2 protein chains.
Amino acid sequence: MSSIREVARLAGVSVATVSRTLKKPDVVSPKTRERVLAAVDKADYHPNRTAIQFRAQKTQSLVVLVPTIANTFYARVISGIQQAAQRFGYAVLLCHTQGDEQVEARYAALVSARQADGVIQLRAHDPFPATATSQRWPMVNACEVLDDPPCPSIRLDNRTAAREMTEHLIALGHRHIAMIKGPRRSPLTRDRADGYRDALARAGITHNPSWIQPGDFTPQSGYAGARALIERTDRPTALFCESDEMAIGALHYLKHAGLRVPHDISLAGFDDIEFARYCDPPLTTISQPAEAFGEAAVEMLIATIDGQEIDTSHRTMPHRLLIRASTGPVG
Amino acid sequence: MSSIREVARLAGVSVATVSRTLKKPDVVSPKTRERVLAAVDKADYHPNRTAIQFRAQKTQSLVVLVPTIANTFYARVISGIQQAAQRFGYAVLLCHTQGDEQVEARYAALVSARQADGVIQLRAHDPFPATATSQRWPMVNACEVLDDPPCPSIRLDNRTAAREMTEHLIALGHRHIAMIKGPRRSPLTRDRADGYRDALARAGITHNPSWIQPGDFTPQSGYAGARALIERTDRPTALFCESDEMAIGALHYLKHAGLRVPHDISLAGFDDIEFARYCDPPLTTISQPAEAFGEAAVEMLIATIDGQEIDTSHRTMPHRLLIRASTGPVG
DNA sequence: TTGTAAGCGTTATCAG
DNA sequence: CTGATAACGCTTACAA
């Protein structure tokens, strides 16, 4: 708990000298340096970071707004954020918002209150109030991205990815392809649904809107969506879920209903979470570079904070169609 | 970016009055209050939290040391921490340490540097240097707990839980029960192995040490452990994994090897992660109140920070044996 | 009810 | 090379 004063007193120098010894050791004489360092040790001195931040008007910390940490995809993104932040000497304030706009606003306010230097928002919503007076704070939007974000963004080409997956199913002979979507208002979900429709249109397949089930990315909603689709008389031969978690829930229902995957019905997911390959059968899915999302977000945010120019202020990360055993030829 | 001074200037009052208006509005006259509030609005004033923290010598934030966020069990614990912290008005600094002691020490130092008021350590290791001079900082140890922690702790009765699971298998007629353990040096892993041996001993079953496989809680290690056990000539009839993630990996191998669960071999996990019930067959496991772990940790830490007395400085959370379909009578 | 001013710990500036 | 001092933004005695 000793402050720089205590060290100065012990070393018989001024506080300025102590500060200098610690920041630019080469500017003080070796003799002084030695005495100061000894005093630092003796006093068990740890510079007060709050004071340093206050003085520097800079906190070296970032706020991360994450809708659910319990989703393993976000867990990977956060892991990437952590790693990169660490590399740049930034701390990460993790804020679990459950997608609640009030909560997001409250946490984003940590930046306006200068407890953090910037925000990474992982959802398609601007957490700052839209008043004309308020200035823009450093922010990056990643993963679920606004259509026209007021800041740099990092996204996937969701439309193309979903189209590729649907084309994969069509190539297997499927004509009756259902989809379990994410939340209605999400641009990401809309893009994936668009890609699905693109593929159908290109193949000349009439799109049946009642084969799109809403979901919320949880296994439970996948289970419920699959049930709703299977209980119909015009049952699809393939099911494309907008997340692996939903696909896992759907798979559970399909087995429950006595259907064999992929023999009776093909199943596809999105994200390539770790458990996707441990499913029975292993899940065909779209892999996303989750950790890279986090790293890119940190890099772009810090560049913004430092006021540097960013050449590509909107980045698109690569995806990959991963064909495993849950999709097969139409039976 | 305007400070309290700017507001004071706009309102034509002193900075003290502005401060008072915001902290204890009832102590200023209605007229002044009105003027100040208008000025706050006009200036788009946000109190500088760094300055407040500096002045108060209190940051209202907590450091959380988590070995891997990618494990869904920890994700739930963190979620509980978040919720509780929010309730108490604390921010959470999430630190992903990968179990690296250097990294842990560096993050724990945020407390000695007074950037945070306390630490929650989710691993069995003291992140503070053991020098005699250094004082103790507020800390709580949860989940994976030291045998003799220098701070309040929250744990599971791992030994009893593992004994109960093993007894469940014995009650099903199993005599050849193997185990896939966690990392060698972890007290938690040792306790679970002890509980397993306790049950065997009580049932008069000779314990075969070569039926204990080491693992590291990942699905990969579960897969490898299961393979090592199944490739033996004296194959076990039941397999108890110290985590669901390992059980999921093991299940994958068992199916790969053509074994039916539980007909040919019973399989049990630990933790009850969300995917446990979506396995095929759904996993028999031990459920832990993960979110409650996090909440309790925050409560105890804040009590420590506030210097309150804590009646039970070591808490044991309840577990529950969850019998699902992956365990069955010996075939 | 309001204003003045000290002080939290650190660093940068300016003299010496 | 070193020391004195102001300043960062805020709160709180204390005085008026």
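The structure reproduced in this document is the subject of the present report.

Rules and cut-offs
- Residues numbered from 1 in each chain as written.
- Chains lettered and ligands numbered in written order.
- Predicted model: local features only at pLDDT ≥ 70, side-chain atom pairs only at ≥ 80, totals over all residues.
- Heavy atoms only, no water.
- Buried < 20%, exposed > 50% of the residue type's maximum accessible area, 1.4 Å probe, protein only.
- Helix = DSSP H or I, 4+ residues; strand = E, 2+ residues; numbered from the N terminus.
- Pairing = 2+ DSSP bridges.
- Right-handed = clockwise from strand over helix to strand, strands pointing away.
- Near = heavy atom within 4 Å.
- Polar contact = N/O pair within 3.5 Å; in protein donor to acceptor, adjacent residues only side chain to side chain.
- Nonpolar A, V, L, I, M, F, W, Y, C, P; charged D, E, K, R; others polar.

This paragraph deals with the pairing of strand β6 (residues 177–180) of chain B. Residue and element names in this part refer to chain B. Because side chains alternate across β6, one face comprises the buried residues I177 and M179, and the other comprises A178 and I180, equally buried. Across 4 bridges, β6 lies against strand β8 (residues 238–241) in parallel orientation. Bridge pairing links M179 to F240 in β8. Judged from the 2 bridges that link them, β6 and strand β7 (residues 212–213) form a sheet pairing that is parallel. Paired with I180 across the two strands is Q213, which belongs to β7. Handedness of the crossover is the feature at issue here: the chain leaves β6, passes through helix α8 (residues 187–202), returns alongside β7, and the resulting connection is right-handed.

Right, let's get into the protein's contact with DNA strand C. Among the 26 residues in the neighbourhood of DNA strand C, the closest are listed as I4(A), Y45(A), R55(A), T17(B) and T32(B). Considering DNA strand C, the proportion of its atoms within 4 Å of the protein that are sugar or phosphate atoms stands at 58%. Residue K23(A) places a side-chain N or O atom 3.4 Å away from a phosphate oxygen belonging to DNA strand C. Separating a base nitrogen of DNA strand C from a side-chain N or O atom of R55(B) is a distance of 2.8 Å. Of all the elements in the fold, those that place two or more residues in the surface near DNA strand C are α1 (4–11), α2 (15–23) and α4 (49–56) of chain A together with α2 (15–23) and α4 (49–56) of chain B. The class makeup of the residues in the surface near DNA strand C is 12 nonpolar, 8 polar and 6 charged.

Around DNA strand D, 24 residues are found, and the nearest of them are T17(A), T32(A), I4(B), Y45(B) and R55(B). The sugar-phosphate portion of DNA strand D accounts for 58% of its atoms within 4 Å of the protein, the bases making up the rest. In the environment of DNA strand D, a phosphate oxygen lies 2.6 Å from a nitrogen or oxygen atom belonging to the side chain of T17(A). A distance of 3.0 Å separates a phosphate oxygen of DNA strand D from a polar atom in the side chain of S29(A). Those elements that provide at least two residues to the surface near DNA strand D are α2 and α4 of chain A together with α2 and α4 of chain B. For the surface near DNA strand D, the residue count by class is 11 nonpolar, 8 polar and 5 charged.

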